[in-house]
Amino acid sequence: MAHQGDGDLPRYTAIGERLVEEFEGVHGADTVDRCVSAARHGAEEVTGSAPAELVERIARRHLEVLATVAAEKRRRTRRSSLDNAP
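Note that this is a predicted model, so its numbers are computed, not measured. (Residues numbered from 1 in each chain as written. Predicted model: local features only at pLDDT ≥ 70, side-chain atom pairs only at ≥ 80, totals over all residues. Heavy atoms only, no water.)

**A look at helix 1 (residues 9-22)**
Taking 1.5 Å per residue, 14 residues should reach 20 Å; helix 1 reaches 20 Å between its end C-alpha atoms and fits that length. Turning to helix 1, its buried residues number three or more, namely Tyr12, Ile15, Gly16 and Leu19. Relative to the axis of helix 1, the buried residues are bounded by an arc of 100° and lie together on one face. Turned more than 90 degrees off the buried face of helix 1, the exposed positions are Pro10, Glu17 and Glu21. (Helix = DSSP H or I, 4+ residues; strand = E, 2+ residues; numbered from the N terminus. Expected span 1.5 Å × (residues − 1). Buried < 20%, exposed > 50% of the residue type's maximum accessible area, 1.4 Å probe, protein only. Arc of directions from axis to C-beta.)

**Remarks on the nonpolar core**
Grouped together as the largest cluster of nonpolar side chains are 14 residues, with contacts concentrated most on Tyr12, Ile15, Leu19, Val36, Val55, Ala59 and Leu63. When contributions to this core are tallied by element, the ones reaching two or more residues are helix 1, helix 2 (29-47) and helix 3 (52-83). In terms of residue count, helix 2 provides more of this core than any other element does, 5 residues in total. Beyond its immediate stretch of four places on either side in the chain, Ile15 contacts Val36, Ala52, Val55 and Glu56. (Core = buried A, V, L, I, M, F, W, Y, C linked by side-chain atoms within 4.5 Å. Contact = heavy atoms within 4.5 Å.)

**A few points about the side chain of Glu56**
In this fold, Glu56 is placed in helix 3. On the accessibility criterion, Glu56 (13% relative accessible area) is buried. Ignoring any residue separated from it by four or fewer positions in sequence, one finds Glu56 in contact with Ile15, Arg18 and Leu19.

**A look at the packing of aromatic side chains**
Tallied over the full model, the rule gives 0 aromatic pairs. Sitting over the face of the ring of Tyr12, Arg11 holds its NZ or CZ atom 6.0 Å from the ring centroid. (Phe/Tyr/Trp six-rings, centres within 6.5 Å; stacked < 30°, edge-to-face > 60°. Lys NZ or Arg CZ within 6 Å of the ring centre and 35° of its normal.)

This is how it looks when you write it as structure tokens:
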């Protein structure tokens, strides 16, 4: 079944490629692809369209939040492991 915006898939692919490069070492390509896809579908559901600029901004924000959460988890893990040292 065709979805609205399927003809724009190359634009969304380019977004994913830019974000994979931007978040290299932080997020894998699969995570970036999921964020771009979720951003696209969310934009379509909320606004009725998914302009590439909006999709990229939403996906980038998702990736930034995920990176922040991961960094906080790592920080807490290091801190708790130090607290348990003999």
